[in-house]
Amino acid sequence: MSAKTPPHGIHPDTVSTTASTDAGLSACFAVPADTIYLDTAAHGPRLRTVQAAAEHALAAGVAPWRIGTDEWLQSIEDVRAASARFFDGDREGVALVPSAGYGLSLAARNLPLEEGDTVLVLDRQFPSNLLPWQQRCAETGARLQFVRRSPGQGWTDAVLATLADTRAVRVLALPQAHWHDGHLLDLDRIAPQARDGGAALVLDLSQSLGALPASIARWQPEFVVSVGHKWLLGAQGLAYLWAAPQWRTRGMPLEQGWMARDGATVFASPAVPPDYRQGARRFDAGGIADPQRLAMSTAALKQLHDWGMARVASGLQARIAALRETLDGHGLAEWTASGYAASDHAAHFLGLRPPAGQLDRIADALADAGVVCTHRQGILRIAPHLHVSVDEMRYVGDLVAKVAGG
Ligand SMILES: Cc1ncc(COP(=O)(O)O)c(C=O)c1O
């Protein structure tokens, strides 16, 4: 499945990224050849350019004095600019933070809430977009309410119905795709209703940015965050936070760090703290300027931009569609139906729900065949990237059907 690993310290620019066939795409990734890795929703597969960038940065780190300050600061701005292309190109709105939970804690700390207000989140939403709201509600007396689906109902309709029925919703904290099974939320329908009711929209796009298009202009959120190491294929510990314009002048960072302040005066023991740097830079977190993580994220974002959003999205869609068709062909359509409309299924990952008695057997057979995926709460989460071929997705479907039948 994969070609030879590049030697340590190779410069990332020398690794070819122009492949267009399935085999060529697969060779862009350093996934072990005996593995069909289907867990991008946990951790993106490692691009060879990203591996090479990490090794290059590590090698350069033996002589940190040779890395110029300007070059280092520029590498932060390069990541900001490259990630901003996923946020309508708004580079002034992007801050670099270590995790989704950090960015969502920052949103929770800044958005006004008081007793009697309500914060809406989804049932079983990822904890990074739940815990900050629970904490803030406990501090302010605001109420946290879970949106729950009735049988057959999609998340979008459940959110719209709860919004319509609930008093004083001030914050709607949502993903675009539920992390369990890729159940989609139609933010084009939800965002206007949230706005009309005066609710601030806060988005955790960790399970969609890089795989599905996002639109700041249409959704008009207050804060958006995504980790960089899943569908954005970059380094763990470097996430992207987008903040709406009003927060760039009055938002309060979670920490007081020198890198978020005016560099001309911050080292001169000023009597009062100097101004924050421009735009969302006031929210840049300490420690994010690690050259290795910056280099990895730069390489990942470059590759995604070289491929283009449309091509990545359609490539992922083709892989999930091949798996679905194969399972449908074996009479297992029910296993991917998920109890909600097909139009609500994400195109880039899916939750497979075998009958309870079969789940462990299927999970074991997949593991034995070198297929890596997450198995949680009765669902096998299948999340490929472009390193997996359409044929391999069909092979996985056939294997599942064989175990189910036998
Ligand atoms: C929806 C979602 N949000 C956030 C995260 C990660 O959050 P954090 O960066 O806070 O660890 C994950 C998975 O790890 C996730 O699935």
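Residues numbered from 1 in each chain as written. Predicted model: local features only at pLDDT ≥ 70, side-chain atom pairs only at ≥ 80, totals over all residues. Heavy atoms only, no water.

Quick word on the overall build of the protein
Looking only at helices and strands, one finds 14 helices and twelve strands in the protein. For a compact globule of 406 residues, the expected C-alpha radius of gyration is about 22 Å, and the protein comes in at 22 Å, within 12% of that figure. In terms of its C-alpha atoms, the protein occupies a principal-axis envelope of roughly 75 × 60 × 30 Å. Put simply, the protein has 406 residues, and 57% of those count as buried. The distance from the centre of the 36 positive side-chain charges to the centre of the 41 negative ones in the protein is 1 Å. (Helix = DSSP H or I, 4+ residues; strand = E, 2+ residues; numbered from the N terminus. Rg over C-alpha atoms; globule rule 2.2 N^0.38 Å. Buried < 20%, exposed > 50% of the residue type's maximum accessible area, 1.4 Å probe, protein only. Lys, Arg positive; Asp, Glu negative; His and termini not counted. Charge placed at Lys NZ, Arg CZ, Asp CG, Glu CD.)

A word on the confidence of the model for the protein
The predicted model of the protein has a mean per-residue pLDDT of 93, with 95% of residues at 70 or higher. Note that residues 1-18 has pLDDT below 50 and, in this model, 41 contacts with residues that lie over four places away or in other chains. (pLDDT = per-residue confidence, 0-100. Contact = heavy atoms within 4.5 Å.)

Thoughts on helix α11 (residues 309-329)
An ideal rise of 1.5 Å per residue puts 30 Å on 21 residues; α11 measures up with 30 Å between its terminal C-alpha atoms. Taken together, the buried positions of α11 are occupied by Val312, Ala313, Gly315, Leu316, Arg319, Ile320, Ala322, Leu323, Arg324, Thr326 and Leu327. The inward-facing, buried residues of α11 contact α1 (22-26), α10 (291-307), α12 (333-337), β9 (350-352), β12 (379-382) and α14 (390-405). Phi for Gly331, located one or two positions after α11, is positive at around 80°. (Expected span 1.5 Å × (residues − 1).)

Points about the pairing of strand β7 (residues 223-227)
Along β7, five of the five residues are buried, which leaves the element largely enclosed by surrounding structure. Where burial is concerned, the two faces of β7 agree: the one with Phe223, Val225 and Val227 and the one with Val224 and Ser226 are both buried. As paired strands, β7 and strand β8 (residues 239-243) are joined by five bridges and run antiparallel to one another. Its bridge partner lying in β8, Ser226 is registered against Tyr240. (Pairing = 2+ DSSP bridges.)

Here's the deal with the sheet that holds strand β11 (residues 374-376)
One open sheet holds the three strands; their spatial order is β9-β12-β11, and the pairing between them is antiparallel. With partners counted over all chains shown, the strands left at the sheet margins are β9 and β11, one partner each. Here the average twist between neighbouring strands, direction ignored, is 30°. Two elements, β9 and β12, share three bridges in a ladder whose sense is antiparallel. For Leu350, the partnering residue across the bridge sits in β12 and is Ile382. Strands in contact with α11 are β9 and β12; relative to β9, the strand with the most contacts, it is inclined by about 25°. (Axes fitted to C-alpha atoms, helices over the stretch in contact; angles between N-to-C directions.)

Some points on the site of the ligand
Taken together, Ser99, Ala100, Gly101, Phe126, Ser128, Trp179, Asp204, Ser206, Gln207, Val227 and Lys230 form the complete shell of residues around the ligand. Between Ser128 and the ligand, the recorded distance is 2.6 Å, taken from a side-chain N or O atom to an oxygen atom. At 2.8 Å, a side-chain N or O of Lys230 approaches an oxygen atom of the ligand. When the free accessible area of the ligand is taken as 400 Å², the share hidden by the protein chains comes to 81%. Looking at the shell around the ligand residue by residue, the classes come out as four nonpolar, five polar and two charged. (Near = heavy atom within 4 Å. Polar contact = N/O pair within 3.5 Å; in protein donor to acceptor, adjacent residues only side chain to side chain. Areas by Shrake-Rupley, 256 points an atom, 1.4 Å probe, with all protein chains shown as cover. Nonpolar A, V, L, I, M, F, W, Y, C, P; charged D, E, K, R; others polar.)

Concerning the nonpolar core
Counting 100 residues, the largest nonpolar core has Trp133, Leu174 and Trp307 as its most contacted members. Here the element with the most residues in this core is α10; it accounts for seven residues. The residues touching Leu174, leaving out its near neighbours within four places in the chain, are Leu122, Gln125, Asn129, Val159, Leu185, Leu187, Ile190, Leu201, Val202, Leu203 and Asp204. Val371, Cys373, Val400 and Ala401 belong to the second-largest nonpolar core, a separate cluster that totals 28 residues. (Core = buried A, V, L, I, M, F, W, Y, C linked by side-chain atoms within 4.5 Å.)

A closer look at the side chain of His305
For His305, the location among the structural elements is in helix α10. Given the relative accessible area of 18%, His305 is considered buried. At 2.7 Å, the side chain of His305 forms a polar contact with the backbone oxygen of Ala82. Leaving out residues up to four positions away in the same chain, His305 has contacts with Ala82, Arg85 and Phe86.

What about the sheet that holds strand β3 (residues 118-122)?
Taking strand neighbours across the sheet as the criterion, the seven strands line up as β2-β8-β7-β6-β5-β3-β4 in an open arrangement whose pairing is mixed. In this open sheet, the two edge strands, each paired with only one partner strand, are β2 (94-97) and β4 (143-147). Averaged over all adjacent pairs, the angle separating strand axes in this sheet is 20°, with direction ignored. Across the sheet, helix α3 (residues 69-84) lies against β2 and β8, angled at about 115° from β2, the strand it touches most. With respect to the sheet, helix α7 (residues 187-196) is in contact with β5 (169-175) and β6 (200-204), its orientation differing from that of β5 by roughly 165°.

Some points on the environment of Ile216
Note on placement: Ile216 falls in helix α8 (residues 216-219). When its relative accessible area of 13% is taken as the criterion, Ile216 is described as buried. Spatially, the C-alpha atom of Ile216 lies 6.1 Å from that of Phe87, the residues being 129 residues apart in sequence. If sequence neighbours within four positions are ignored, Ile216 has contacts with Phe87, Asp88, Pro221, Val224 and Trp242.

Side note on the packing of α11 against α14
Interaxial distance between α11 and α14 falls to 8 Å at its minimum, and their mutual angle equals 30°. Relative to α14, α11 is oriented roughly parallel. For the element pair α11 and α14, the recorded crossing hand is right-handed. Within the contact between the two elements, α11 uses Ala318, Arg319, Ile320, Ala322, Leu323, Thr326 and Leu327 and α14 uses Val390, Met393, Arg394, Val396, Gly397, Asp398 and Val400. Considered class by class, the residues forming the contact of α11 with α14 number nine nonpolar, two polar and three charged. (Parallel < 35°, antiparallel > 145°, perpendicular 65-115°, else oblique. Left-handed = near helix turned anticlockwise from the far one by under 90°.)

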